Amino acid sequence: MKLYNLPTKTWVRLKEDQQGPPGSPNFLLEEEFFFDHIDGMYSYCKDRNNNRVHLPAWSEVTPLDKKE
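Here we summarise the structure given alongside this text.

## What to know about the pattern of salt bridges
Thinking step 1. Within the structure shown, the criterion is met by five salt bridges.
Thinking step 2. A salt bridge links Glu32 to Arg48; the nearest nitrogen and oxygen atoms lie 2.9 Å apart. You can see Glu32 sitting in strand β4 (residues 32-39) and its partner Arg48 sitting in the loop between β5 (42-46) and β6 (52-53), a full 16 residues away along the chain.
Thinking step 3. What emerges from the salt-bridge pattern is a single network uniting Arg13, Glu30, Glu32 and Arg48.

## Points about the packing of aromatic side chains
One pair of aromatic rings is described through two measures. These are the centre distance and the angle between the planes.
Thinking step 1. The tally for this structure, following the rule as stated, stands at three aromatic pairs.
Thinking step 2. With a centroid separation of 5.5 Å and an interplanar angle of 85 degrees, the aromatic rings of Phe27 and Phe33 are classed as edge-to-face. Like Phe33, Phe27 is buried.

## Notes on the sheet that holds β4
Thinking step 1. Pairing in this open sheet of five strands is antiparallel, and the strands run β6-β5-β4-β1-β7 from one edge to the other. The sheet terminates laterally at β6 and β7 (61-64), the two strands that pair on one side only.
Thinking step 2. Bridge analysis of β4 against β5 gives five bridges, and the strand direction is antiparallel. Considered in β5, the bridge of Phe35 is made with Cys45.

## Points about unusual backbone geometry
Thinking step 1. One non-glycine residue, Lys9, adopts positive backbone phi at about 60 degrees.
Thinking step 2. Mapped onto the secondary structure, Lys9 falls in the segment before β1 (10-14).
Thinking step 3. Look at Asn50: it is not a glycine, yet its phi comes out positive at around 70 degrees.
Thinking step 4. Inspection of the secondary structure puts Asn50 in the loop between β5 and β6.
Thinking step 5. Using a relative accessible area of 53% as the deciding quantity, one classes Asn50 as exposed.

## Examining the nonpolar core
Thinking step 1. In terms of nonpolar packing, the biggest core is built from eleven residues, these being Leu3, Leu6, Val12, Leu14, Phe27, Phe33, Phe35, Cys45, Val53, Leu55 and Val61.
Thinking step 2. Listing elements by their share of this core, those giving two or more residues are β1 and β4.
Thinking step 3. Those residues within four positions of Val53 in sequence are excluded, and the remaining contacts are Phe27, Phe33, Ser43, Tyr44, Cys45, Lys46 and Asp47.

## Some details on the environment of Leu55
Thinking step 1. Mapping Leu55 onto the fold places it in the loop between β6 and β7.
Thinking step 2. Overall, Leu55 belongs to the buried group, its relative accessible area being 0%.
Thinking step 3. Remark: the alpha-carbon pair of Leu55 and Ile38, spanning 17 residues in sequence, is separated by 9.1 Å.
Thinking step 4. When sequence neighbours within four positions are dropped, the list of residues in contact with Leu55 reads Leu3, Leu14, Phe27, Phe33, Tyr42, Ser43 and Cys45.

Scoring rules and cut-offs
Residues numbered from 1 in each chain as written. Predicted model: local features only at pLDDT ≥ 70, side-chain atom pairs only at ≥ 80, totals over all residues. Heavy atoms only, no water. Salt bridge = Lys/Arg side-chain N within 4 Å of Asp/Glu carboxyl O. Helix = DSSP H or I, 4+ residues; strand = E, 2+ residues; numbered from the N terminus. Phe/Tyr/Trp six-rings, centres within 6.5 Å; stacked < 30°, edge-to-face > 60°. Buried < 20%, exposed > 50% of the residue type's maximum accessible area, 1.4 Å probe, protein only. Pairing = 2+ DSSP bridges. Core = buried A, V, L, I, M, F, W, Y, C linked by side-chain atoms within 4.5 Å. Contact = heavy atoms within 4.5 Å.

So far we have only geometry, and geometry alone does not tell us how the molecule works.
Shown next as structure tokens:
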């Protein structure tokens, strides 16, 4: 499922490696993120360490049944 098709405030797991915006780290298969919202071509998410990250809106993800 594409990230942009999910409801906001959802935990997700990447189904493929992804590259964020220029200057950001790469994101790896099976990493988990809290998806807050879409912001243009990228999203506003947080990783497990509560760091802000920007996954591409078109990322293939699996929604997880977790609470924040």
